[in-house]
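What the coordinates show
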Amino acid sequence: MNTITNTNTPALPNLVPNRSLLSRSMPRGVLTHLTTMEDLRDTLARQRKAMEEVDHDRSLSQLHVDFRGGRVTANWLDRRTGLSQEMAVHKNAYSQMASDLLPARGGNFLTTQARLGEDGAKLSTASWATFARKQQNPRMFRTVKYRRDDGKVERMIRSMHSTGYAAYSNAEFVADALDAAPELGAMTVLDVAQRDTEIRIRLSATPRDQFTLDKPVQMLTLWNSEVGRRSTGITAGAWKLVCTNGMGSWDSRTGWTWRHYGNVERIRDGVRSAIEEAQTSASGVVEAYGKALTTEIDDMLSFLDTEMGREGLTGTQKDRAILALTDETTTQGDWLASAIDAITLAAQDEGDLLAQHDMERAASRILIRG
C-alpha cells in the first residue's frame, strides 16, 4: 500500500493517493492460473477484516481538516478532549468533501496553496474551516485502517456519502455472486484489478482448453466500488489472450448495474439473471469481432481519426491508439479488427480503471458501426 512515508517531510503528497491493493493479470500470450473466485472471496474477506471499516454519521462542521505538516489530516471535534485521534485523508474522500463544501475547483486551490509553505498551509486550514462552519447536514464518512510505507498503521477517511448510501463491500459482492451463481467458481479468472476506489474482475466461461492465442473469448466483467465511484455491475464483452485486450459490449442494455442505495438484497437477487444474460450478450461481441477480421478499411488513419473523434477520445488517447497499430499483437493489415485491437490495446495504458472501461466501450461502438 503506497502512501505516506514520513509525516515531517513537507514535500510529501498532501493526500493518500488511489493505491493498487490487488493486481493479478495474465501475461500477454500466456494462459496461466491467476486465482479462483473462491480464493479471491477469501482474500477480500481477510483484507476487509484488516481494514476495520468504521462509518461515522457526522457533519463537515464537526470535522477539523488541517493542511499543515505536508499532508491533509482530519480530526473529529470531541466534546471531552477537543479533537479525536488524527486521521489521514484519501484523495477520493477529499474530492467528495470539497465538492460538497467549496466553490468549483476550490479543493485543488487549497492543496496548491498549502504546498507553498507554512503560511499557505495555515491559510488553507483557515479557509476550509470558514466554509465548514455552516455545513451542518449529516454525511456518512467511511474510515479504514491502512499501512503507510514506514510500516505505521493509521486510520484514514476514504469516502463521504449521503446518509442513505448502502455500503456494499467488495468481499460481500464476490461472496454473493458465488452464492447466486456457483458456476463462477469454475470460470477462468482473466484479470483482477483492485484500487482503493473500485474493483474490476474479468472472467471467462470458455473452457481453458478452448482458448486460442489470437481469437477472442467471451468475457464477463464484475465491478464494485466501496466509495461511490460507480455502481455495482456486471457487463458483457470479449477478451484476447495474445494482447490481453478487453472490450465491453457496445450496447448499454447488456450491462446490469445496481446503485448503492436502499436494501442491498436487490443486488444479490439480480446477480444470477444478470450473469445468464451477460454470457449470451458476450457471444454477440465475439461474433461481431469475427466479422471485423474480414471487414477491410480503405483509409485506416482517416477512419480512426473520425471514429475516435466521434467517441470523444483525447488527443493523447488517439496518438496511443495509432501507435498501437504497429504492435506485434495487433491484427496485421487494414482490417476493422486491426483498428479495434489498437484502441483496446491503447486502453490498457489508462491509469484509471474507469477511463480504461470508457475507452474499451468506445472501441466496441466503433466495432458495431464499422
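Residues numbered from 1 in each chain as written. Predicted model: local features only at pLDDT ≥ 70, side-chain atom pairs only at ≥ 80, totals over all residues. Heavy atoms only, no water.

Notes on the pattern of salt bridges
Counting across every chain of the model gives 27 salt bridges. Asp 100 serves as the salt-bridge partner of Arg 139, at 2.9 Å between the closest nitrogen and oxygen. Pair noted here: Arg 139 is in strand 7 (residues 138-147) and Asp 100 is in helix 2 (residues 91-101), with a separation of 39 residues, a long-range link. Its relative accessible area of 17% is what places Arg 139 among the buried residues. A salt bridge links Asp 349 to Arg 320; its shortest N-O distance comes to 3.9 Å. (Salt bridge = Lys/Arg side-chain N within 4 Å of Asp/Glu carboxyl O. Helix = DSSP H or I, 4+ residues; strand = E, 2+ residues; numbered from the N terminus. Buried < 20%, exposed > 50% of the residue type's maximum accessible area, 1.4 Å probe, protein only.)

Some details on the side chain of Thr 143
Structurally, Thr 143 can be placed in strand 7. Within the structure, Thr 143 has its side chain in polar contact with the backbone oxygen of Val 54 (distance 2.8 Å). Within the structure, the side chain of Thr 143 is placed 3.1 Å from the side chain of Arg 155, a separation counted as a polar contact. With near-sequence residues (within four places) excluded, Thr 143 lies in contact with Glu 52, Glu 53, Val 54, Asp 55, His 56, Met 87, Arg 155, Met 156, Ile 157 and Arg 158. (Polar contact = N/O pair within 3.5 Å; in protein donor to acceptor, adjacent residues only side chain to side chain. Contact = heavy atoms within 4.5 Å.)

A closer look at the packing of helix 3 (residues 106-114) against helix 4 (residues 118-132)
What describes two packed helices is the angle between their axes and the distance between those same axes. Interaxial distance between helix 3 and helix 4 falls to 7 Å at its minimum, and their mutual angle equals 150 degrees. With respect to their mutual orientation, helix 3 and helix 4 come out roughly antiparallel. Only Gly 120, Ala 121, Leu 123, Ser 124, Ser 127 and Trp 128 of helix 4 make contact with helix 3, whose side of the interface consists of Leu 110, Gln 113 and Ala 114. A per-class count over the contact of helix 3 with helix 4 returns 5 nonpolar, 4 polar and no charged. (Axes fitted to C-alpha atoms, helices over the stretch in contact; angles between N-to-C directions. Parallel < 35°, antiparallel > 145°, perpendicular 65-115°, else oblique. Nonpolar A, V, L, I, M, F, W, Y, C, P; charged D, E, K, R; others polar.)

What to know about the pairing of strand 7
Strand 7 sits mainly inside the fold: 7 of its 10 residues count as buried. Looking at chain direction, strand 2 (residues 54-59) and strand 7 are connected through 6 bridges and run antiparallel. In the strand pairing of strand 7, Asp 55 is matched with Arg 142. One ladder, built from 8 bridges, connects strand 7 with strand 8 (residues 153-161); its direction is antiparallel. Among the inter-strand pairings, Phe 141 is bridged to a residue of strand 8, identified as Met 160. (Pairing = 2+ DSSP bridges.)

Structural notes on the packing of aromatic side chains
Applying the stated criterion across every chain yields a total of 6 aromatic pairs. One aromatic cluster is present, formed by Phe 67, Tyr 94 and Trp 128 through successive ring pairs. (Phe/Tyr/Trp six-rings, centres within 6.5 Å; stacked < 30°, edge-to-face > 60°.)

Some details on the nonpolar core
Ranked by size, the top nonpolar core spans 31 residues in total, and within it Met 37, Leu 184, Ile 201, Leu 203, Leu 222 and Ile 234 carry the most contacts. Those elements that place two or more of their residues in this core are helix 1 (37-51), helix 5 (170-180), strand 9 (188-195), strand 10 (199-204), strand 11 (217-224), strand 12 (232-239), strand 14 (255-258) and helix 6 (265-292). Among the nonpolar cores identified, the runner-up in size contains 29 residues, and Tyr 289, Ala 339, Ile 340 and Ile 366 belong to it. (Core = buried A, V, L, I, M, F, W, Y, C linked by side-chain atoms within 4.5 Å.)

A closer look at a negative patch on the surface
On the surface, a cluster of negative charge is contributed by Glu 296, Asp 298, Asp 299 and Asp 334. In this structure, Asp 334 sits in the loop between helix 8 (315-324) and helix 9 (336-347). (Patch = residues over 30% accessible without salt bridge, like charges linked within 9 Å, V, L, I, M, F, W, Y side chains within 5 Å. Areas by Shrake-Rupley, 256 points an atom, 1.4 Å probe, with all protein chains shown as cover. Lys, Arg positive; Asp, Glu negative; His and termini not counted. Charge placed at Lys NZ, Arg CZ, Asp CG, Glu CD.)

Considering the confidence of the model for the chain
On average, residues of the chain carry a pLDDT of 90, and 94% of them reach 70 or more. Between the elements of the chain, mean pLDDT differs from a low of 74, seen in strand 14, to a high of 97, seen in helix 1. Under a pLDDT of 50 for its full length, residues 1-12 has, in the predicted model, 33 contacts with residues more than four places off or in other chains. (pLDDT = per-residue confidence, 0-100.)

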